[in-house]
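As a plain string of letters, each chain reads:
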Number of protein chains: 4
Amino acid sequence: MNNNNVNNNLQPKLWSGRFSKPTHPSVEEYTASIRFDRELVYEDILGSLAHAAMLEHCGIIGAEENNRLQHGLKQLAKKIAAGEIEFKTADEDIHMNIERLLSVEIGDLAGKLHTARSRNDQVALDMHLYLRKNIIIIVELLITLQNTLLQLAEKHKGVILPGYTHLQRAQPIYLVQYVYAYIAMLQRDVERLQDNWPRVNRSPLGAGALAGTTFPIDRNYTADLLGFENIYFNTLDAVSDRDFIVEFLAAGSIIMLHISRLSEELILWSSQEFNFISFDDAFCTGSSIMPQKKNPDVVELARGKTGRVYGALFSVLTLLKGLPLAYNKDLQEDKEPLFDVVKTLRQTLEIFNPLLATLTINSDAMRLAVNKGYLNATALAEYLVKKSLTFRAAHEVVGKMVARCIQKQCCLEELSLEEMREYTSFITEDVYSILIVENIVSACNKNLQIECMHYQQQLKFNQQWITEKKQLITAVINKFELAFND
Amino acid sequence: MNNNNVNNNLQPKLWSGRFSKPTHPSVEEYTASIRFDRELVYEDILGSLAHAAMLEHCGIIGAEENNRLQHGLKQLAKKIAAGEIEFKTADEDIHMNIERLLSVEIGDLAGKLHTARSRNDQVALDMHLYLRKNIIIIVELLITLQNTLLQLAEKHKGVILPGYTHLQRAQPIYLVQYVYAYIAMLQRDVERLQDNWPRVNRSPLGAGALAGTTFPIDRNYTADLLGFENIYFNTLDAVSDRDFIVEFLAAGSIIMLHISRLSEELILWSSQEFNFISFDDAFCTGSSIMPQKKNPDVVELARGKTGRVYGALFSVLTLLKGLPLAYNKDLQEDKEPLFDVVKTLRQTLEIFNPLLATLTINSDAMRLAVNKGYLNATALAEYLVKKSLTFRAAHEVVGKMVARCIQKQCCLEELSLEEMREYTSFITEDVYSILIVENIVSACNKNLQIECMHYQQQLKFNQQWITEKKQLITAVINKFELAFND
Amino acid sequence: MNNNNVNNNLQPKLWSGRFSKPTHPSVEEYTASIRFDRELVYEDILGSLAHAAMLEHCGIIGAEENNRLQHGLKQLAKKIAAGEIEFKTADEDIHMNIERLLSVEIGDLAGKLHTARSRNDQVALDMHLYLRKNIIIIVELLITLQNTLLQLAEKHKGVILPGYTHLQRAQPIYLVQYVYAYIAMLQRDVERLQDNWPRVNRSPLGAGALAGTTFPIDRNYTADLLGFENIYFNTLDAVSDRDFIVEFLAAGSIIMLHISRLSEELILWSSQEFNFISFDDAFCTGSSIMPQKKNPDVVELARGKTGRVYGALFSVLTLLKGLPLAYNKDLQEDKEPLFDVVKTLRQTLEIFNPLLATLTINSDAMRLAVNKGYLNATALAEYLVKKSLTFRAAHEVVGKMVARCIQKQCCLEELSLEEMREYTSFITEDVYSILIVENIVSACNKNLQIECMHYQQQLKFNQQWITEKKQLITAVINKFELAFND
Amino acid sequence: MNNNNVNNNLQPKLWSGRFSKPTHPSVEEYTASIRFDRELVYEDILGSLAHAAMLEHCGIIGAEENNRLQHGLKQLAKKIAAGEIEFKTADEDIHMNIERLLSVEIGDLAGKLHTARSRNDQVALDMHLYLRKNIIIIVELLITLQNTLLQLAEKHKGVILPGYTHLQRAQPIYLVQYVYAYIAMLQRDVERLQDNWPRVNRSPLGAGALAGTTFPIDRNYTADLLGFENIYFNTLDAVSDRDFIVEFLAAGSIIMLHISRLSEELILWSSQEFNFISFDDAFCTGSSIMPQKKNPDVVELARGKTGRVYGALFSVLTLLKGLPLAYNKDLQEDKEPLFDVVKTLRQTLEIFNPLLATLTINSDAMRLAVNKGYLNATALAEYLVKKSLTFRAAHEVVGKMVARCIQKQCCLEELSLEEMREYTSFITEDVYSILIVENIVSACNKNLQIECMHYQQQLKFNQQWITEKKQLITAVINKFELAFND
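Owing to the predicted nature of the structure, the values given are computational and were not obtained by experimental measurement.

So, how was this worked out
- Residues numbered from 1 in each chain as written.
- Chains lettered and ligands numbered in written order.
- Predicted model: local features only at pLDDT ≥ 70, side-chain atom pairs only at ≥ 80, totals over all residues.
- Heavy atoms only, no water.
- Helix = DSSP H or I, 4+ residues; strand = E, 2+ residues; numbered from the N terminus.
- Rg over C-alpha atoms; globule rule 2.2 N^0.38 Å.
- Buried < 20%, exposed > 50% of the residue type's maximum accessible area, 1.4 Å probe, protein only.
- Contact = heavy atoms within 4.5 Å.
- Areas by Shrake-Rupley, 256 points an atom, 1.4 Å probe, with all protein chains shown as cover.
- Core = buried A, V, L, I, M, F, W, Y, C linked by side-chain atoms within 4.5 Å.
- Buried area = accessible area lost by both parts, 1.4 Å probe.
- Salt bridge = Lys/Arg side-chain N within 4 Å of Asp/Glu carboxyl O.
- Polar contact = N/O pair within 3.5 Å; in protein donor to acceptor, adjacent residues only side chain to side chain.
- Pairing = 2+ DSSP bridges.
- Least-squares fit on C-alpha atoms with pLDDT ≥ 70 in both.

Visitor: Which residues make up the overall build of chain A, and what are the values?
Guide: Along the backbone of chain A there are 19 helices and six strands. A compact globule built from 486 residues should have a C-alpha radius of gyration of about 23 Å, whereas chain A, at 30 Å, is more than 25% larger. Along the three orthogonal principal directions, the C-alpha set of chain A runs to about 105 × 50 × 40 Å. By residue count, 70% of the 486 residues in chain A fall in the buried class. Here the contacts in chain A between residues at least 6 apart in sequence split such that 77% fall between residues at least 24 apart. As displayed, chain A has an accessible area near 15000 Å², and 50% of this comes from carbon and sulfur atoms.

Visitor: Please provide a residue-by-residue account of the side chain of asparagine 462 of chain B, values included.
Guide: Residues and elements named next belong to chain B. With respect to the secondary-structure elements, asparagine 462 resides in helix H19 (residues 448–479). Judged by relative accessible area, asparagine 462 falls into the buried class, the value being 3%. Those residues in contact with asparagine 462 that sit more than four places away from it in its chain are Ile143, Gln146, Gln187, Val190 and Gln194.

Visitor: I'd love a proper account of the nonpolar core, names of residues and values included.
Guide: One finds Phe248 of chain A, Phe248 of chain B, Phe248 and Phe352 of chain C together with Phe248 and Phe352 of chain D to be the most contacted residues of the largest nonpolar core, which totals 742 residues. Sequence-distant contacts of phenylalanine 248 of chain D, that is, excluding residues within four places in its chain, are made with Leu131, Ile135, Ile138, Leu193, Asn196, Leu338, Val341, Val342 and Leu345 of chain D.

Visitor: Before we move on, can you summarise the interface of chain D and chain C with the specific residues and values?
Guide: On the chain C side, the residues contacting the 104 residues of chain D number 104 residues. Between chain D and chain C, a total of about 8900 Å² is buried, with carbon and sulfur atoms accounting for 60% of that surface. In this structure, aspartate 243 of chain D and arginine 192 of chain C form a salt bridge, with 2.8 Å as the shortest nitrogen-oxygen distance. Our count for the chain D to chain C interface comes out at 46 residue pairs in polar contact (both at pLDDT 80 or more). Sorting elements by how many residues they give to the side of chain D that touches chain C places helix H10 (residues 243–269) of chain D first, with 13 residues.

Visitor: How would you summarise the pairing of strand S2 (residues 168–174) of chain A if you had to cite specific residues and measurements?
Guide: Residues and elements named next belong to chain A. In terms of burial, S2 is a largely internal element, seven of the seven residues being buried. Relative to S2, strand S1 (residues 160–165) is paired through six bridges, and the arrangement is antiparallel. Within S2, the residue paired with leucine 161 across the bridge is isoleucine 173. Between S1 and S2, which pair antiparallel in sequence order, lie two residues; one of them, histidine 166, sits at a positive phi of approximately 55°.

Visitor: Any details on the relation of the copies chain D and chain A? Residues and values, ideally.
Guide: Mapping chain D onto chain A leaves a residual RMSD of 0.1 Å; the transformation is a rotation of 180° accompanied by 0.0 Å of translation along its axis. A rotation of that kind, with that shift, is consistent with a two-fold axis. For chain D, the smallest separation between a C-alpha atom and the rotation axis is recorded for glycine 311 of chain D, amounting to 2.1 Å.

Visitor: Explain the pattern of salt bridges to me, using residue names and the numbers behind them.
Guide: The full count for this structure, using the stated rule, is 148 salt bridges over all chains. The shortest N-O distance in the salt bridge between arginine 404 of chain A and glutamate 422 of chain A comes to 3.0 Å. A residue pair is termed long-range when its members are at least 10 positions apart, and arginine 404 of chain A in helix H15 (residues 391–408) and glutamate 422 of chain A in the loop between helix H16 (417–421) and helix H17 (431–434) qualify at 18 residues. Looking at glutamate 422 of chain A, the relative accessible area reads 56%, which means it is exposed. Between arginine 169 of chain D and glutamate 273 of chain B there is a salt bridge; the shortest N-O distance is 2.7 Å. In this pair, arginine 169 of chain D sits in strand S2 (residues 168–174) while glutamate 273 of chain B sits in the loop between helix H10 (243–269) and strand S5 (277–278), so the two residues belong to two different chains. Given a relative accessible area of 7%, arginine 169 of chain D falls into the buried group.

What follows is the structure in structure tokens.
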């Protein structure tokens, strides 16, 4: 192989042996992935370091050769980190770019790195490494958000607001209850990513193009070196599987679904009509034409970005539909949606943290809203049941009392005992204590302290999981004496 | 409450206390869910049995009352199973229908059943029970399919066919490898449903409309009775959460994605061009106009149904986007997509079993195809590497040899040693043994037996999981002396 | 063909000539479409009537034969309308069912009906006829809704409310403006369906299975008979094209998108916080547990059904992706999503009409809301620009005045002239008239009357279009002396 | 307003009058759109030129002021084209960037440009201008592709291949028929974009933030200047409408759907099994591991990109669902999906042109394939019908004959007359001429010439449409003496 590196664009492709014509220039532009798969640069180098080490371990290359490959790859990593390297579209993708750049560093020996490896298992490897890293980061952001919410709840203990169904005031609740609902949602988000993990942290390396290799490789060796807990047994599956990405995108879609629900409510609550909260000025923007405006841009945008993440999920589901085994070029289209979702999740979760921490809670406005809307009607019905009506009968009685109050424009507790007893003689003086909102929420929430401890416990487990996984990855990085920053 | 049951349509709604006008007739038609949520009838009765038992346990109703409720509900269950019951649109949904029907059985006492319960937690409960049951059924179907594939592989051990990438013949593989790829995919499908399980098998009962209840209920008591491994701590979350459904739909989408890939290949392979397989006549249909046609309708339809399942996932993701807490009527739209996906998965997985079991493998055609397409080129390159070329150099040499063969219209092994040595003097007589396809696949597949044992092991675990979960559910059914069939 | 019609289930399939085995029973269940394509029964008969007439016209069958076919088909249509006919799963689809039933009516001659026709072009024909009919119905419902909105606007002329951006009060607007926005959206919905029309009202009949026929048929003859304005020139395209369905589903998705926006606002406006509108009791439902609740179920459900329609669009897009020409069984999956979307659109548009017509507008609450939120700030900035500040400078000045007002908890118009002039000396006494909301909306809406006339004009055109298309269809129905009701 | 332009990052936001705190740095990063909306730079300047001209025309600014604004904007356009300008994230979006940059050019007068305008109508305007331009480009690419296909058909007139249904050989067809099917699909794609046009080429300018303005502007004046054929009458609609984008994305999805079908077939046809076509080397790529591989990467990637475009459609549909009027920040998320789809369509359509033009058709392989698969069976059945069997009876007879041939491994035409007559005595010597494939396709395609002329006619109309629209846009560009390149 006659390799001078003066002008890559004039060099033949690394696979061009059987071709009689160069690639059409717009094909290069159309099919090259280096524009976006450069995101995988550290994963690619890491994978190559492990692969070279395995080649030596199995006697496929010599120790000296491995040393030069290791050194060359690390040199390259440093130059890339220093911004000294430019990738080339003519080299198609990150794998070919790295190999070509390596050959500049260490000469023709670079050509040995691709022994017993194909771009098909290589790119699968990179994607597994990339997603593994980002799951850790995203789980950590989720935990941080759970912590922020726990503090928010703690800070506003005792604040009562209307709970809504159908966006109609329904029953009084503690703000704490509301906040806990989102902690519980985020907990499921954490769990889903933890469920995703074993299918992400599995090594496809060694599967070759689809059918393995005639070289006496050791797939478990690279898997161990790279901190994988498992390998893909089946080689066709290893190169064609993108389940782990779809799963992640689905989990990400549910995260954004939760964020969209929270955002919707923050938008509602910060409207002049609700006025339950105020955003810190630092998290709002103004209008170019209306001087009085203070807009909740961040949460609106987060809500909008739900579409982006759903879209990415469907994009990948679509491209995988009906694809025959094993590798097809269509699979290249898995990258941009994944990278975009990772970025969207990271940015969104990151910004919600200070945004929620700086939220002003207008507890007076919340409490005032509780007074209107007959939020104690259910408690009254339950009182009547305790006095021996069936629930259905009690429901009907209270329904009629509410209708009267609406007409009179008063609260239930403003009806006199006589008025109340027109509807049923079961009502006695003790009814008024039952109608006090503070009594209702307190009766409904006997286990709030237990719930809180439950979340604290979960958070501890989550934190522990993160710590373990981070150690695993750090150990790998250290093993290869690399100094990557994400 | 004055309840005569002669004509339900003239009866007031159970919630009509505060309303001054009856519902518009087309509203009833538009909002009633009984047309489809009747699917939940056994779940609804089961949930009510447990709820009534808890009400007694907590002293909210008397033992005698509970006995009558239990008896009435079981009577109703029998009548429904016997097809003696007609549901009414005027009663909106399955919950109201059951309550009204129960009042026919046991009179006004039926009105006590809704004590300390709302339709919001009730419907969530039904959905959890429904999905729990169906996950077991679907996992079992997946396992059956894995078994069928294992047998198929066993039966055709040694059969060699071209492995494809880019739908171009790439390298020779065993049919076994191909079949194992799908076993591995189905294994992940099983795992995803197992991961879904703890979030499905969690009780929302007792959350009330959104805020719990002032009654001294015991949520763990009903959860235990119903075989739930956990409860929703947070009441707002309990009634508004549909994550468990989205998760299932995502897992179902991936199942169909696998089915679509398999179907695509079965369609290709049964074409006259490939001719790798033949479907049993029992799994094909003919043409109304072309007498010679034998069409692979079943697998085509399965491939098409992928769209249906993806669509259901997107439908539910869309409806949940931006919904404020807690319950909103939009959530009613979660049912039809879920029911449809469950049905689609069950039918599709069920039919693939006999379809695959009766497949004819045309191993001669497969072997013939291996001969064309230079599938031993990679092995040749690897041979050259072993002779000390870099892989890149070897790749280039073999690429040129292939180009020559294409021109000469011959195989690599048909080149004479002299011809070969024109490209590189590293080639010696031993090259011809390297080029034999049987040798290649054997060299690439040293661990096939281990892989097989691995799947057998997984299948045993899967089977064990199923057995446990089925016992759990059977125990619940037996506890209440019910005789449901699915 | 030995045809006794005693028991269809024992009869061989109409295409079974070359098959040596009957269909597997679960295949029948899986692949049969009669469960849902019975929806096409009238379209199928209509198409057959035209096809038979053409066969006679071209001398392919005799006049007497055609007469008997016509008579038999019409008899069948009557029996079906009378509910006297039961379809059979064993006969797979509506086409085979009709043919078999026809053979009961008129004997073996029924077998001639399928001359020069395939189920592939037949089902395409049915779908074109079905969608054509439903587009007319849906456009008419859209126009009705536009009319209702026009009347609503007329009735509440002069009502002023806050216009919102970012759900923050922004500038005062007339309710009329708001209502007109939705008329404009619905107008585009009408236009999109009108654009869809020429691609729907095009005849695929005569394309056969994919390649036409050796019979000397006249495709334009059937097209004319059936009121088609065009034919598919290309036969492969005719049987494989589903663009017209995707287009419709996309148009339907945008309709539901508009409905979801309107629903969202009606939900917001009917909340206790906004209190801008009240729904008629006939369009709300209550809670099973909370006696005071009045829930906007209809609009919530409509909003939720957006997901259903989006899902259907995605479902069909997915199934069509990557399908080779010409007909594939996957295409059968186009039906249920289409039928469901048609039903959803018809029901939803239908119910919005009385719902909007009976809406109570709380104009006092709207007007009150205008007073808070500094909605006249933009007008003040524009005043300053007229006094020669740049808009940017004016924006900044007014921004600072608003900040002061927020601190003082007063309106802009409550600042004294002195206070105002602290910010800029350009402000003079005339500023107070500028700040009056009624003056602002009147200045901003000089062309409201023209806008109204514009919509009235469009509505007239829409109505005319509907009338023409209905005549076209009625003429076809009459030509064949059929009495279908939809 | 104290404006020094040394360091934009320290400058206050243009809307910061009422804010007491600067924006949080990560908010800036999260909400700024300049990273992608810079794509709209020429549209933004063009809109501003027209707006300034209108302000003068209506007496809102002076002639001298307008001249300076015009000159400043054109200067800026030149600098941007020359690459001399850097946009700043701190300036959020393209609108604010341009305004700030303009103030560097011409000082505080730049602040007058935003008179009677909001970013809400400004960004809507930019999107309309952007999409208008790109629709023209895409329609032109579609027409080019239609032309290439017409030439391909012309070149291979007479080539016969099997037509497929269910991927089974069905009936013989001309390659021309197949190619025409795609011309017809592309024609509908052209039509859909033409239908989209009037809703794209409509001016929102003058709608302000949502409610118009108190300035005496002339909305038709800017619309005329900018070549718009219409304006948005309703101001709320003007700023909140994104229908025109969804429509385009839906049309784009159908384009990609067609491309995916074509790609699928090209992939199939270039497989070793079909071998119907060969791609030019310039449009294939090789394998990094398998030296013999020649992969149809371009068409695979195109098929994969279908997912990307579908995803973008659903992304925008999702974000619009349930958004209240008028502008919400969520709408910012409409840009990236649109830009990405435009780019994908342009690149894909562009590359298909040379790819199809350089395709090698292996007509021998096609003709050979026609011989197997009993493709003349339908013609035989039709022959029997002409001899007076019902089609059903003929179908059954031929079915049985085919079954026999399969057993004998022969063609229908290889049966002797005696053998044939065992099935029905209607068969006579003339049957053999009927069975000749050339005769069949010729009989089925009497109107192919008319079909061809039909497409040529349509292409002429398409070309004319393009010419008109291009003139319209060129006239606008020239009017403002701009020299943009796309």
